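What follows is each chain in one-letter form.
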Amino acid sequence: MAMLVEELIQSINELFLKAKKKKQPSVDPDLDPVLLVPGIGGSILNAVDESGRAERVWVRILGADYEFRTKLWSRFDPSTGKTVSLDEKTRIVVPEDRYGLYAIDVLDPDMIIGQDGVSYYHDMIEEMIKWGFQEGETLFGFGYDFRQSNRLQETLDRFASKLDAVYTSTGGKKLIIISHSMGGLLVKCFMCLHSDIFEKYVKSWIAIAAPFQGAPGYIATTLLNGVSFVEGWERNFFISKWSMQQLLIECPSIYELMAFPQFCWGNIPLLQLWREKHDNCGNSITLLESYEPKEAVSLMIEALSSNMVALNGMQMPLPLNLEILKWANETREILSHAKVPGAIKFYNIYGTDNATPHTVCYGSQESPILDLKQLLSIQAKYICVNGDGTVPAESAKADGLDAVARVGVPADHRGIISSRHVFRILKQWLNAGEPDPYYNPLNDYVIIPTAFELERHYEEWDVVSSNSSSSSKEVADYPLLVGALSISHDGKVQSQAEAEATVVHPQSEGKQLVELRESYFGAPR
């Protein structure tokens, strides 16, 4: 009996070691180092008190709203261009653990249930490790205080130090920057203001979902009505839209995301109001008024003119900040003159196929706006354009730079950095992992095998269903040498069909296996 138990324990240990060994991806020391730069809300922020005790204030679920208001609410200082926390006893710090990756991975590491809602670069980090990247050797992160302007010198100095540290630690290898969302504006500001440093350390820059010309509809309603950074049931325990609004009214970064009025929009973003007017005879009529970006500012100023917050028993006015608006206009002017240094390659990936707020409308013909201050408590309606749900594709494509490639990917603003399609593109651009035979830069960077190719390889391939029990060996047992391939088709009745093939190469059997999966979901036919 003892012998049987011993053998059983030994077998379990062997299985455990085998599983553990499988999970350890191989490291490729020849890869170029990569620095991940997040967008707004994409960095953990700690409040450090006078004794040096640090407490995470972004992101957290328990006590989120109170800690947010007491530690992160701030006021803009026009003399420095910095927004400073109202609590003078604390300073906001970004943690540097795991070579900067901790702050941009999972934004609330304490969450177990619902962690997807607070994950940022988590999926991309895991995927890149599978390709051979290693934290601290070829993979790094740069978190920052996203309340601040994208050209705040303090942030740019930290960024320069990060570039130098990565360059030095990797033996003088130039690095590749991957930015998401507003992180693209930060990188562009740095490139414009410190092009010599940028050229010294950077090999290429890949911008994903960057609001190069702003995110008009999203930002307009953010300033007037607030925004929720967490969706689903978690939002009930998170920061209220009102608390978020009061913070963002004093954040230069948000103003730098407003629609760039000098951009030649193909589809001009508008602020529309249904308003009651009187004709020459005194009769009441309701008209729809439309305002372009420059004109819309005066309406937002009036709407927020009486905005107040209570803090420490005192009422504090928080109108639309004209000093920040001036600062942001100067930032946008700087960005409009940016150029990519000649030796650096620039790539742009942007999201498509999502209804994206562009023109914002308040009131209705039946319920017109009588007072602009009403806008703060009214639900806006949107006229949407194509984009990622936050940034219009027109804005994201208009980087104003010499690009090696611009690629549109069907994905939403947050989901795009977890997109399998984006991963396949990045894998090629980073020259990482095993080669993908179906990659083709002329066909949206992913080419689907033709029927002829499938027939040609038919004798070499075994095709098995993911539900099939006839195969004596599971597909998962084989080392994966080629990434998954997926094809999807959207129906006209909110349905979607999807097929996926995974090609694996067994090491010993001398043949290829292809696992096919298909699914259909949506409205009944």
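Just so we're clear, the structure is a prediction, and the values are computed from it rather than from any experiment.

Q: Whenever I open this one, the overall build of the chain confuses me. Can you help?
A: Scanning the chain from terminus to terminus reveals 14 helices and 21 strands. Taking all 525 residues of the chain together, the buried fraction comes to 50%. Residue pairs at least 24 apart in sequence account for 72% of intrachain contacts in the chain once pairs closer than 6 positions are excluded.

Q: Any chance you could explain unusual backbone geometry here in plain terms?
A: Across residues other than glycine, the phi torsion is negative in most instances, and most of the peptide bonds are trans. The amide bond that connects Trp58 to the next residue, Val59, takes the cis arrangement and shows omega of 0°. By secondary structure assignment, the location of Val59 is in the loop between strand 3 (54–58) and helix 2 (64–71). Phi is positive for Arg98, which is not a glycine, with a value near 55°. Residue placement: Arg98 occurs in the loop between strand 6 (91–93) and helix 3 (122–130). Backbone geometry at Ser181 places phi at a positive 55°, although glycine is not the residue there. The topology assignment puts Ser181 in the loop between strand 8 (175–180) and helix 5 (183–193). Note on Ser181: relative accessible area 7%, which makes it buried.

Q: Would you take a moment to explain helix 7 (residues 216–225) for this structure?
A: Given 3.6 residues per turn, any residue in an α-helix points the same way as the ones three and four places further on. Across the 10 residues that make up helix 7, a large majority, 9, are buried. Looking only at helix 7, the buried set comprises Pro216, Gly217, Ile219, Ala220, Thr221, Thr222, Leu223, Leu224 and Asn225. Close packing links the buried residues of helix 7 with helix 8 (241–248), helix 9 (252–255), helix 10 (293–303), strand 15 (354–362) and strand 16 (381–387). Downstream of helix 7 by a residue or two, Gly226 has a phi angle that is positive, lying close to 85°.

Q: Got a minute to help me understand the environment of Lys373 in this structure?
A: In this fold, Lys373 is placed in the loop between strand 15 and strand 16. In sequence terms Lys373 and Glu302 are 71 residues apart; their C-alpha atoms lie 7.1 Å from each other. Setting aside anything within four residues of it in sequence, one finds Lys373 in contact with Glu302, Ala303, Ser305 and Ser306.

Q: I would appreciate a short explanation of the nonpolar core in the present structure.
A: Nonpolar side chains in soluble globular proteins tend to be buried together. Grouped together as the largest cluster of nonpolar side chains are 131 residues, with contacts concentrated most on Leu36, Ile208, Leu426 and Leu430. Non-local contacts of Leu430, meaning those with residues more than four positions away in its chain, are made with Leu31, Val34, Met128, Trp131, Phe133, Ile176, Ile178 and Ile206.

Q: What should I look at first to understand the side chain of Asn225 in this one?
A: Residue placement: Asn225 occurs in helix 7. For Asn225, a relative accessible area of 14% translates into the label buried. Among the polar contacts made by the side chain of Asn225, one reaches the main-chain carbonyl oxygen of Ile378 at a distance of 3.4 Å. Ignoring sequence-local partners within four residues, the contact set of Asn225 consists of Lys241, Gln245, Tyr362, Leu375, Leu376, Ser377 and Ile378.

Q: Even after reading the chapter, I still don't get the environment of Met182, so can you show me in this structure?
A: Mapped onto the elements of the fold, Met182 is located in the loop between strand 8 and helix 5. For Met182, a relative accessible area of 0% translates into the label buried. Separated by 36 residues in the primary sequence, Met182 and Phe146 have C-alpha atoms spaced 8.8 Å apart. For Met182, the contacting residues outside a window of four places in its chain are Gly39, Ile40, Tyr144, Phe146, Asn150, Pro211, Ser253 and Leu257.

Q: What's the story with the sheet that holds strand 14 (residues 345–352) in this structure? I'm lost.
A: Within a sheet, each strand pairs with its neighbour through backbone hydrogen bonds, oriented either parallel or antiparallel. Within the open sheet, the 6 strands sit side by side as 7-1-8-9-14-17. Their pairing is parallel. Of all the strands in the sheet, just strand 7 (139–141) and strand 17 (405–410) have a single pairing partner and so form its edges. Each neighbouring strand pair of the sheet contributes to a mean axis angle of 20°, computed without reference to strand direction. Here 3 bridges tie strand 1 (residues 34–37) to strand 7, and the two strands are oriented parallel to one another.

Q: It is not clear to me how helix 3 should be interpreted in this structure. Could you clarify?
A: Looking at helix 3, one finds that the buried residues are His122, Met124, Ile125, Glu127 and Met128. Here the buried face of helix 3 lies against strand 1, strand 7, strand 8, strand 9 (202–208) and helix 13 (420–429). Gly132, located one to two residues past helix 3, shows a positive phi value of around 115°.

Q: Would you take a moment to explain the packing of helix 3 against helix 13 for this structure?
A: In a pair of packed helices, the angle between the axes and the distance between the axes together describe the arrangement. Contact geometry of helix 3 with helix 13 gives a least axis separation of 11 Å together with a crossing angle of 45°. Comparing their axes, helix 13 and helix 3 come out oblique. Considering only the axes of helix 3 and helix 13, their crossing is right-handed. Across the interface between the two elements, Asp123, Met124 and Glu127 from helix 3 touch Arg420, Phe423 and Leu426 from helix 13. Partitioned by chemical class, the residues of the contact of helix 3 with helix 13 number 3 nonpolar, no polar and 3 charged.

Cut-offs used in this document
- Residues numbered from 1 in each chain as written.
- Predicted model: local features only at pLDDT ≥ 70, side-chain atom pairs only at ≥ 80, totals over all residues.
- Heavy atoms only, no water.
- Helix = DSSP H or I, 4+ residues; strand = E, 2+ residues; numbered from the N terminus.
- Buried < 20%, exposed > 50% of the residue type's maximum accessible area, 1.4 Å probe, protein only.
- Contact = heavy atoms within 4.5 Å.
- Core = buried A, V, L, I, M, F, W, Y, C linked by side-chain atoms within 4.5 Å.
- Polar contact = N/O pair within 3.5 Å; in protein donor to acceptor, adjacent residues only side chain to side chain.
- Pairing = 2+ DSSP bridges.
- Axes fitted to C-alpha atoms, helices over the stretch in contact; angles between N-to-C directions.
- Parallel < 35°, antiparallel > 145°, perpendicular 65-115°, else oblique.
- Left-handed = near helix turned anticlockwise from the far one by under 90°.
- Nonpolar A, V, L, I, M, F, W, Y, C, P; charged D, E, K, R; others polar.

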